[in-house]
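Single-letter residue listing:
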Amino acid sequence: MALAGLSAVFLVEMLDNSVLNVALPTIGTELRASTTALQWVTGAYSVVFGGLMLVFGAVADRVGRRRLMLAGLVLLGLASLATAFVTTAGELIVVRAVMGLAAAVTAPGSMALAYRLFDQEGPRIRAMTLISSVGMIGLAIGPTVGGFVLAVTHWQVLLLVNVPIAVLAIIGVRFGIAADTAEELHRDPVDVPGAVLGTATIVLALVVPTLFVNEGAGTWAPWTAAVAAVIGAVLFVLRERSTRFPLLDLGLVTRPLVSSGLAYKAAAGLATAGLGYLVTLQLQLEWGWPPVLAALGMLPQVVVMLATGPFVNPFVERVGFDRAAWLGASAIVFGLAFYGFLGRFGYVWVAIALALVAAGLRVAGVVAVVNVLRGLPKNRTSIGTALLDTASEITSGTGIAVTGTIIAALFTGGGITTPDWSAGQAAEFREAVTYAGLVLTVVSAVLAGWAMLRARKAADFPERA
């Protein structure tokens, strides 16, 4: 029951990241959303989720992981119900932001509670593989399910499905997991100034690319936001280093195992969100595929996610954590490179890219979680899970923001959802997709390389891991 509840939590978290992708053109048409508004329909969730994860991760380590998770699941169910009453793009963005808040409240305890269920490393890895497999299935089938749902009913149903999943999660967590004990929590005060600085910095960093496109580099708004983000980051680091009870102990983040896991998670989040966003737009807007056919076009990702699930744990045990992580990260980077260089030449190359990234994500994701939790004290596991989800959500939001910004900058003559593109607009879109794919490739490669170096240091100096 405990694993069913935690799997449902992770399922709804991953499903929210992918289920709306295939519906973006439909939402844009029905709600008359601009390119920027369409970007924020998906980005609002990631920005709020990523911005508040550290705060609620710190709170969970103090008040109890199960208690906070149950409160977040209730909020998530209510926010999902509100989707039925949405009539404008602005309202949908607000609902998505509230859902991001609910996810930030819910998520920090997921892997921390799973880690606590078992004392031995083997069962822990299997439990996390199971939970992440359910979540990855949600991530994989989201676009496909979304396409078929759009063929028979309204797009609002894609978010209303969260309600029964949330109910299942509440039952599993409430009756399958014991409350946290005093020994598993700590009572340090919450660093409120640090929480405000950290959240503001993350939000500003994700808003800056959009401002540069919408307002132009010759205006004051994007530059002011960029400077504010840098200042916020500096002040956050200074605050966390100087205060007695920091929101985030930076010494924990610099541990080799922790930083390695976070970098792997960031590379995976960036690749998955960015590639999914690009492929969805390409299939429907450039190639003219209807939503159902576009959903079928995402099947390589679904098949790989489902087929590799049973083999992840044996593969990791056979080749070892470090080699498994290296191979998974390499598959992600090569998949993005395939799409950037060859995706414009036909669907076969798109399918190969989707399959490679999916295979890499399945392996690198499990290794990332285990590395971070192995590198942290027991009373800091929620903040560790929060760090993982923050890395994933921030890079997911960044992936969507970067790709959306590049497309908006290079595509002229109106929004991308306008019908009947000219030959020039089609060429601009293909150029934008190529540039966006290559940018994602380079950034993911840098993150993966850094993760490998940190993991090697942990192996060389295990006492510092």
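Along each chain, residues carry numbers from 1 onward, in the same order as the chain's sequence is written. Where local features are concerned, this predicted model is filtered to residues with pLDDT of at least 70; where side-chain atom pairs are given and counted, the filter is 80 or more; whole-chain, interface and lining totals use all residues. Calculated side-chain values reflect all of the structure's heavy atoms, with hydrogen atoms and water omitted.

### Observations concerning the pattern of salt bridges
We define a salt bridge as a side-chain nitrogen of Lys or Arg found within 4 Å of a carboxyl oxygen belonging to Asp or Glu. Taken as a whole and judged by the stated rule, the model has 5 salt bridges. The salt bridge partner of R65 is D180, with a shortest N-O separation of 2.8 Å. Taken together, the residues R65 in helix α4 (residues 65–82) and D180 in the loop between α9 (162–176) and α10 (192–215) connect sequence positions 115 residues apart. Exposure class is identical for R65 and D180. Each is buried. A salt bridge links E286 to R430; its shortest N-O distance comes to 3.3 Å. With E286 in helix α13 (residues 256–286) and R430 in helix α19 (residues 423–460), this pair connects stretches of sequence that are 144 residues apart. By definition, any uninterrupted DSSP run of H or I lasting at least four residues is a helix, any uninterrupted run of E lasting at least two residues is a strand, and each is numbered from the N terminus. Relative accessibility thresholds used throughout: buried, under 20% of the residue-type maximum; exposed, over 50%; partly exposed, between the two (1.4 Å probe, protein chains only).

### Describing the packing of helix α3 (residues 35–63) against α4
Only the contacting stretch of a helix is used when fitting its axis, a line to C-alpha atoms as for every element, and angles between N-to-C directions run 0 to 180 degrees. Where α3 contacts α4, the two axes come as close as 7 Å, and the packing angle between them is 130°. With respect to their mutual orientation, α3 and α4 come out oblique. Side by side, α3 and α4 meet where F56, V59, A60, D61 and V63 of the first sit next to R65, R67 and L68 of the second. Residues were grouped as follows: Ala, Val, Leu, Ile, Met, Phe, Trp, Tyr, Cys and Pro as nonpolar; Asp, Glu, Lys and Arg as charged; and all remaining residues, including Gly, as polar. Taken together, the residues of the contact of α3 with α4 sort by class into 5 nonpolar, no polar and 3 charged. Every angle not falling under 35 degrees, over 145, or within 65 to 115 is termed oblique; those three ranges are roughly parallel, roughly antiparallel and roughly perpendicular. Whether two residues touch is decided by their heavy atoms; if any such pair falls within 4.5 Å, the residues are in contact.

### Comments concerning the side chain of T201
Within the secondary structure, T201 sits in helix α10. You can call T201 buried: its relative accessible area is 13%. Polar contact is defined as a pair of N or O atoms within 3.5 Å, subject to the rule that within protein one atom must be able to donate a hydrogen and the other to accept it, and that residues adjacent in sequence are counted only when both atoms are side-chain atoms. In terms of polar contacts, T201 uses its side chain to reach the backbone carbonyl oxygen of L197, at 2.7 Å. From its side chain, T201 meets the backbone nitrogen of A233 in a polar contact 3.3 Å long.

### Quick notes on the confidence of the model for the protein
Here pLDDT means the predictor's own confidence in every residue, given as a number from 0 to 100. Mean pLDDT over the protein: 84, with 94% of residues reaching 70 or higher. Averaged pLDDT values over the elements of the protein bottom out at 76 in helix α7 (residues 121–152) and peak at 92 in α4.

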